[in-house]
Amino acid sequence: MNFKKICVLGLGYIGLPTASTFATHGVKVLGVDVNKSIVETLQRGEIHIHEPGLRDTVSAALASGNFSVSTQPQEADAFLIAVPTPFHENKFGEYNGQKYKLADMRAVTSATEAIVPFLRKDNLVVLESTSPPRTTLELVAPILARSGLQAGRDFHLAYSPERVLPGQILRELIENARVIGGVTPESAQAGADLYSIFVKGQIVQTDATTAEMVKLMENTYRDVNIAIANEFARLADKFGVDVWEAIQIASLHPRVKILSPGPGVGGHCISVDPWFFVETAPELTPLIYNSRKVNDAQPHFVVDLVKRALGDVIKGKRIAALGLAYKPDVDDLRESPANEVVHLLQKEGARVKAFEPFKLEGLPGMDMAKSLDDALNDADAIVLLVRHTEFINLKPIDVAAKTKARVIVDTVNGWNAANWQSAGFAVTRLGAGK
Ligand code: SAJ
């Protein structure tokens, strides 16, 4: 198929990089977002999200004359849906007395509805949003049928998940393997024709539901494996073993690769996607469900460690919390376990001062330090919550000179315990029972 003009609905972390990359590859792109202020920001040539290289790609797309933005779709050869699929805030499912979260598909529904008046014979529609299995067949196709056209017969319909890593989106968008699941083989082929405009990685064609499952399986696999690493950390703590040493040794086995324990699992993908399986088949997913529970409980385990490090007294203690981001060297605080640790410590009566070098303003309700020195100054204990390079490179001697705190809690195996001990610190590490 030949694509002269496409319409991308949703200009967020995935839609904007995708739309602007198509435009810099010679396709006319209309970017659509229901949020007026996002559209206006882009029309001014600015961007509303932080992602390395994105500003340059969007500027190049605008300069090429191929990229325009609007709050309304228009006729096009292909429509891409890249809108968020968060959870319902106050709606839960229940199975055997266990509550689970439910995907909020309203954005997918309304973006699909917005396409209906513009859908023409032989068009291609691609859903990119992470969605519960069978969404393409059972939610998107029936809405598009309101046009009088039928998916797979009159127009092509496919599901193609993004699998890019925040911080490396623009490179991975081009280089990663791409899965395209069509409602018919012809739909998958049409999707492959479209993405091959810029994708250099392998393009794999399959059916729509397989592609939906693939995306959820990838992130669920990671979540379950982090959960087992977190349980190993708890076990090591109990048995007087250093989990980091044990993981290193176990991973010498040619068929074992253990992920890293930490303060929990954050971000907008791995802590979210497994729920889409649980929601659609709670009776089949006890392992996935319990892994989510283990990872969500990990901040409580960290708080117990901090308590232990402080001789069981947490109330009134001043704690410097280093890092709030959901993972190292990013500015994204969404669903971050570090935030959860800070909230729990505050609830226990600690006076927490947090320092996040990638987002100094932090989050509402937090006492944010303006600088590292500001955080360390008059702290009783230092808790390392994120492996930001800046923190990993700290020298114990320098830190000792800036604070009266002599207690550190390392939740990410970021610091060499012996070095800190020789600078006079009492060191507690997550998973280090030794
Ligand atoms: N984490 C651990 N231990 C580990 C690895 C990660 O505790 O050994 C924690 C991190 O600290 C973080 C969370 O897990 O809080 C998730 O971080 P991540 O770097 O593993 O993943 P994300 O959420 O940034 O991006 C993932 C990626 N998926 C996989 O690696 C399977 C990315 O490719 C997906 O595109 C993205 O989810 C998504 O949007 O689905």
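Residues numbered from 1 in each chain as written. Predicted model: local features only at pLDDT ≥ 70, side-chain atom pairs only at ≥ 80, totals over all residues. Heavy atoms only, no water.

S.K.: Any chance you could explain the overall build of the chain here in plain terms?
M.R.: Scanning the chain from terminus to terminus reveals 16 helices and 15 strands. What you see for the chain is a C-alpha radius of gyration of 24 Å, in line with the 22 Å of a compact globule of 434 residues. If you line up the chain on its principal axes, its C-alpha atoms span 70 × 50 × 45 Å. Across the 434 residues that make up the chain, the buried fraction comes to 54%. Taking all contacts inside the chain whose residues are at least 6 apart in sequence as the whole, residues at least 24 apart take part in 72%. Of the roughly 19100 Å² of accessible surface on the chain, a fraction of 53% belongs to carbon and sulfur atoms. Once the 46 positive and 50 negative side-chain charges of the chain are each reduced to a mean point, those two points are 3 Å apart. (Helix = DSSP H or I, 4+ residues; strand = E, 2+ residues; numbered from the N terminus. Rg over C-alpha atoms; globule rule 2.2 N^0.38 Å. Buried < 20%, exposed > 50% of the residue type's maximum accessible area, 1.4 Å probe, protein only. Contact = heavy atoms within 4.5 Å. Areas by Shrake-Rupley, 256 points an atom, 1.4 Å probe, with all protein chains shown as cover. Lys, Arg positive; Asp, Glu negative; His and termini not counted. Charge placed at Lys NZ, Arg CZ, Asp CG, Glu CD.)

S.K.: What is the right way to look at the domain arrangement of the chain in this model?
M.R.: Put simply, an interface is often sized by how much accessible area is lost when its parts join up. The assigned domain composition of the chain is domain 1 (5-208) and domain 2 (292-429). Spacing between the C-alpha centres of domain 1 and domain 2 amounts to 38 Å. On the domain 1 side of the contact with domain 2, Tyr13, His50 and Pro166 bury the most area, a combined 70% of that side's loss. There are zero salt bridges connecting domain 1 and domain 2. Inspection of the region where domain 1 meets domain 2 yields zero residue pairs in polar contact (both at pLDDT 80 or more). Of the residues that constitute the side of domain 1 that touches domain 2, the class distribution is three nonpolar, one polar and no charged. (Domains from an automatic or database assignment. Buried area = accessible area lost by both parts, 1.4 Å probe. Salt bridge = Lys/Arg side-chain N within 4 Å of Asp/Glu carboxyl O. Polar contact = N/O pair within 3.5 Å; in protein donor to acceptor, adjacent residues only side chain to side chain. Nonpolar A, V, L, I, M, F, W, Y, C, P; charged D, E, K, R; others polar.)

S.K.: Please explain the sheet that holds strand 3 (residues 67-70) as it appears in this structure.
M.R.: Hydrogen bonds between backbone atoms are what pair the strands of a sheet, whose relative direction is either parallel or antiparallel. The eight strands lie next to each other as 3-2-1-4-7-8-9-10, forming an open sheet whose pairing is mixed. Strands at the two margins of the open sheet, each flanked by one partner only, are strand 3 and strand 10 (203-207). Each strand of the sheet is rotated relative to its neighbour by a mean of 25 degrees, with strand direction disregarded. Where strand 7 (residues 124-127) meets strand 8 (residues 156-159), four bridges bridge the pair, whose relative direction is parallel. Paired with valine 125 across the bridge in strand 8 is leucine 157. (Pairing = 2+ DSSP bridges. Axes fitted to C-alpha atoms, helices over the stretch in contact; angles between N-to-C directions.)

S.K.: How do you make sense of the sheet that holds strand 15 (residues 426-429) when you look at a structure like this?
M.R.: Taken in spatial order, the five strands of this open sheet run 12-11-13-14-15, and their pairing is parallel. Edge positions in the sheet fall to strand 12 (351-355) and strand 15, since each of these pairs with one other strand and no more. Neighbour to neighbour, the strand axes of the sheet diverge by 20 degrees on average, direction disregarded. Sheet topology places strand 11 (residues 318-322) next to strand 12; five bridges connect them, and they run parallel. The partner of isoleucine 319 across the bridge, within strand 12, is valine 352. Helix 11 (residues 286-309) contacts strand 11, strand 13 (381-384), strand 14 (407-410) and strand 15 of the sheet and is inclined by roughly 160 degrees relative to strand 14.

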